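Read off the chains here:
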Amino acid sequence: MNFQARPIRTTCPYCGVGCGVLARPDGAGGLEISGDPEHPANRGRLCVKGAALAETLRPDGRLLTPRIHGRVADWDSALDMVARRFRETIAEHGPDSVGFYVSGQLLTEDYYVANKLMKGFIGSANIDTNSRLCMASSVAGHRRAFGSDTVPGLYEDFEEAELVVLVGSNLAWCHPVLYQRLVAAREKGQGPRVVVIDPRRTATCDIADLHLKIKPGGDAALFNALLARIDRQGAVDRDFMAHVSGVEDAIRAARASDPEMTGLSLGDMARFFDMWIGTEKVVTVYSQGINQSDSGTDKVNAIINCHLATGRIGRPGMGPFSVTGQPNAMGGREVGGLANMLACHLDIENKAHRDAVQDFWQAPRMAPGPGLKAVEMFRAVEEGRIRALWIICTNPAVTMPEADRVARAIEGCDFVVVSDMMEQTDTTRLAHVLLPATGWGEKDGTVTNSERRISRQRRSLPQRGEARDDWRILADVGRRMGWESAFGWSSAAEVFAEYAALSGLAGELGSDFDISAHAGITPAEYDALEPFLWPRSARRQGGRFFGDGRFHTPDGKARMVPVTPRVPQPLAPAYPFRLNTGRVRDHWHTMTRTALSPRLSRHLAEPYLELHPQDAAELGLKPAELAEVSSPHGRAILRVLVSDRVAPGHPFAPMHWTGETAPSGRIDALVPWLTDPLSGQPASKSAPVAIRPFGADWFGFALASSPFRPDCAYWARASLPGGMQAELAGVEKPGDWGEWAAAMFGLKSEPLVVSDRARGMQRLAFVEGGRLAAALFVAPRPVGLSRSHVAGLLGAEARPDLLAGRAGADQPDEGATVCACFGVGVNRIARAIAEQGLVTVEQVGAALQAGSNCGSCRPEIRALIERSLTEAV
Ligand SMILES: Nc1nc2c(c(=O)[nH]1)N[C@H]1C(S)=C(S)[C@@H](COP(=O)(O)OP(=O)(O)OC[C@H]3O[C@@H](n4cnc5c(=O)[nH]c(N)nc54)[C@H](O)[C@@H]3O)O[C@H]1N2
Ligand SMILES: Nc1nc2c(c(=O)[nH]1)N[C@H]1C(S)=C(S)[C@@H](COP(=O)(O)OP(=O)(O)OC[C@H]3O[C@@H](n4cnc5c(=O)[nH]c(N)nc54)[C@H](O)[C@@H]3O)O[C@H]1N2
Ligand code: SF4
Ligand SMILES: [Mo]
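Residues numbered from 1 in each chain as written. Chains lettered and ligands numbered in written order. Predicted model: local features only at pLDDT ≥ 70, side-chain atom pairs only at ≥ 80, totals over all residues. Heavy atoms only, no water.

A. Highlighting the sheet that holds strand E28 (residues 714-720). Here we have six strands laid out as an open sheet, ordered E28-E29-E27-E32-E31-E30, and antiparallel in their pairing. Since the sheet does not close on itself, it has two edges, and those belong to E28 and strand E30 (752-756), each with one partner. With strand direction ignored, the average angle separating the axes of adjacent strands in the sheet is 15°. In the sheet, strand E31 (residues 761-768) pairs with strand E32 (residues 771-779) via seven bridges, with the strands oriented antiparallel. Bridging across to E32, Phe-766 finds its partner in Ala-774. (Pairing = 2+ DSSP bridges. Helix = DSSP H or I, 4+ residues; strand = E, 2+ residues; numbered from the N terminus. Axes fitted to C-alpha atoms, helices over the stretch in contact; angles between N-to-C directions.)

What follows is the structure, encoded as structure tokens:
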């Protein structure tokens, strides 16, 4: 391939905002990354994860060849084995004895091929996706209300609205560019007011005019109370009701529900209701705080009910808006990646739809009905009903609820294939056959963002090693299973063209998803494809849905759904806390990519438990100590972060750490297999847990210029500019720290040992070639020392005071990184605010550059300013 210096226009592989990226080959095998000023989603902006993409393209840890039982194998042997074992399993035990567990990070073309292979050719619908953990309740809620899984609005509605309500969404960290668009609209003066509904005070609350610290699970009761109030105030849009059924029942159920379940004061609720009812242009945005619940679908419908009742849907600046998490969560839904969908939003339970797709695919054996949803699928694996499993582009041994049980189920399965970019993940470790996939930058295809915009991901780098595109691997297996012509494409463009043609057929059957304008797309046109909104057919082009009052139900009317809020299961005395879980700003899921970037690793370098001061005091836990968190399903050890951002009884922990980065920080080990009865989505944000201090005998901090894997009860590692660091703790002291450290670092040299009796700390330094190669600090208490200072010493010339552990006068301690773009730490910002009297984020940017690039850290900078102002009062 001939790489030219002209930037390649592509799309970010992280969140569902779907920002356009310009990737310019840097001549050294990497890429220079910037935001695409012409992409409608971001107009040139990128958040810190997007901006750091180049750092994650390192070859470290990539899976470069197929492997069978851990040994390097050639592609033919691996593909033959996969095809043979699937064929044999199906012949012996039937089509439902196999399963695919796939991902919203696959491209649409990959997804299309996987779905076609399973639902049309293998003849089972046992294909489900990690979107089950993510969007399934929104899908089910949309289908109940609209008759189709349609997101009615557009991003510009955020800017056109007069009120934006964010429910269970930490937009500032999880959809940062959308958040920045909202902030920019407000800064112009006419932007919307913002209400945040979240039991936690998150970075998103920074722009909130009102933050409702709702009781976990109280959302359905809140939106029911809003609906009852809409009715009482005569705010129901009587004209629009001609397009809606179920109005009276929904209102009756709303009146009957108990607003006390929200845990909110009457005053706060009244303020919210007045704002919502009094503002016509209102967008209600929701995400995992709504979806990931055992009554997520009802919560989604409770929100949609209010928009239907007021006719505030599908018009500029108004509507319910489910923001999607993964870059192609939407594409996967469209293509039929969920076990209970067909393709192009067709219904797998509708025989006419199945017949039409079968005819189009010339498929020998269509799945007769829905397949197993994610949790059911892993239960079937555990029980031996699924005997061959192919996991593609997802890490279920970390992210499924009851993750230890899921890992054991995978381990016990007769035949497991895993396709991933990386060699070592908690899931790849369990594979019989490992298939190397190309990653972002190396693959070609399309993704759909949260506003239904389809954009190209374009190849800008050569593939690594022998990695192949996911769609091609799947098609190769399809052909080897005997279906030559059905899986005979030679490019992603051909797959897309077939998909677009199928969508035309779906459109004729009444589906909202129709992009048949592209049915005849040529490879050259596919290469040049500009981002576009679906639908795109002779009938319809882009735009909003439902403003005209026409829905996809049999009678054409939207349905309001009566919702009876589910009372959360009472907590048993043995597990008195409800654990909330979610994301941090700079990491992506199981960190297989973001952990490669030192700057992304420095915002939060360790798994943690955010605990209210009252809980911490009762448990006898102090900041920076370790807590042992347990549930009936597993246990975790986490660093304690005491903060009143969380409510008493409702601690929070991030989901990102794994067997690779912090084996005792795997949070899904604690989460139960409890799912929403309609959507099958797990309740990932409310695990009943017990908490107690973890009795560590010693604490440590280690760093080295080469990667190392510690061996002690607690460790968490993170990459550094010149190597790696790890936090450590143990229950038994090794006999000889020098030997223990040398084994951990894989070094043969004798360490320099300094004992700091006053602080009870031991410092060990390994010097190679006159420079610091590795160091270990151990103490009976959490090691108090400036991480950023010692990290800066790696590779430095060895001096007698090398490990003094305190920042020298000429080397101020940065503290935890706030601005990852310019590497500015919390201490430097706080100092500048105090010393220079800075009162705005812009002033901090002018003084230190912090916050002046991607803007992801602006909420944190603003919080530091506010803290300094309140402290000064
Ligand atoms: N930095 C970063 N960004 C990401 C991702 C990432 O890994 N890292 N992942 C992407 C993906 S796949 C997804 S799905 C999205 C998720 O995006 P979000 O849904 O915004 O993120 P979460 O942190 O999972 O949860 C959102 C909030 O729900 C709140 N919550 C918990 N329980 C309740 C409740 O009962 N009611 C209400 N109202 N709120 C509650 C939590 O306190 C949390 O602040 O993020 C996407 N963006
Ligand atoms: N407790 C708790 N659990 C949760 C959540 C929560 O909020 N709380 N959130 C849930 C949600 S919303 C989600 S979306 C899931 C996410 O969970 P996962 O999907 O399991 O997490 P990822 O780390 O994104 O896994 C993606 C894998 O695909 C690999 N990969 C990347 N690109 C490619 C590619 O192009 N091809 C292939 N074949 N592989 C590739 C990566 O190396 C990685 O191993 O977690 C869910 N689990
Ligand atoms: S907001 Fe950030 S992570 Fe999401 S698509 Fe844009 S650049 Fe990527
Ligand atoms: Mo997600």
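B. Examining the state of the cysteines more closely. For the structure on display, the rule yields zero disulfides. Here Cys-174 stays unpaired: no disulfide links it, and the sulfur of Cys-15, its closest cysteine neighbor, is 8.1 Å away. Residue Cys-393 stays outside any disulfide, its sulfur separated by 13 Å from that of Cys-134, the closest cysteine. (Disulfide = S-S within 2.5 Å.)

C. Seen up close, the site of ligand 1. The full set close to ligand 1 counts 34 residues, and Asp-198, Gly-217, Ser-287, Arg-583 and His-587 are the nearest of them. At a separation of 2.8 Å, an oxygen atom of ligand 1 approaches a polar backbone atom of Gly-217. Taking Gln-288, its main chain carries an N or O atom lying 2.9 Å from an oxygen atom of ligand 1. Relative to its unbound accessible area of 910 Å², ligand 1 is 98% covered by the protein chains. Looking at the shell around ligand 1, the elements that each hand over two or more residues are helix H6 (171-174), helix H11 (288-291) and strand E21 (577-582). Considering only residue class, the shell around ligand 1 consists of 11 nonpolar, 16 polar and seven charged. (Near = heavy atom within 4 Å. Polar contact = N/O pair within 3.5 Å; in protein donor to acceptor, adjacent residues only side chain to side chain. Areas by Shrake-Rupley, 256 points an atom, 1.4 Å probe, with all protein chains shown as cover. Nonpolar A, V, L, I, M, F, W, Y, C, P; charged D, E, K, R; others polar.)

D. Structural view of the packing of aromatic side chains. Following the criterion strictly, the structure yields 32 aromatic pairs and no others. Aromatic side chains Phe-100 and Trp-390 sit 5.4 Å apart centroid to centroid with 80° between the ring planes, which places their arrangement in the edge-to-face category. With Phe-100 in strand E6 (residues 98-102) and Trp-390 in strand E14 (residues 388-392), this residue pair connects regions lying 290 residues apart in the sequence. On the accessibility criterion, Phe-100 (1% relative accessible area) is buried. When its relative accessible area of 1% is taken as the criterion, Trp-390 is described as buried. Ring centres of Trp-698 and Trp-737 lie 4.8 Å apart, and the angle between their planes is 80°; this geometry places the pair in the edge-to-face category. Here the residue Trp-698 occupies a position in strand E27 (residues 698-704), and Trp-737 occupies one in helix H23 (residues 737-745), the gap between them amounting to 39 residues. The same class applies to Trp-698 as to Trp-737, namely buried. The ring of Trp-534 carries the charged tip of Arg-452 above its face, separated from the ring centre by 5.5 Å. (Phe/Tyr/Trp six-rings, centres within 6.5 Å; stacked < 30°, edge-to-face > 60°. Buried < 20%, exposed > 50% of the residue type's maximum accessible area, 1.4 Å probe, protein only. Lys NZ or Arg CZ within 6 Å of the ring centre and 35° of its normal.)

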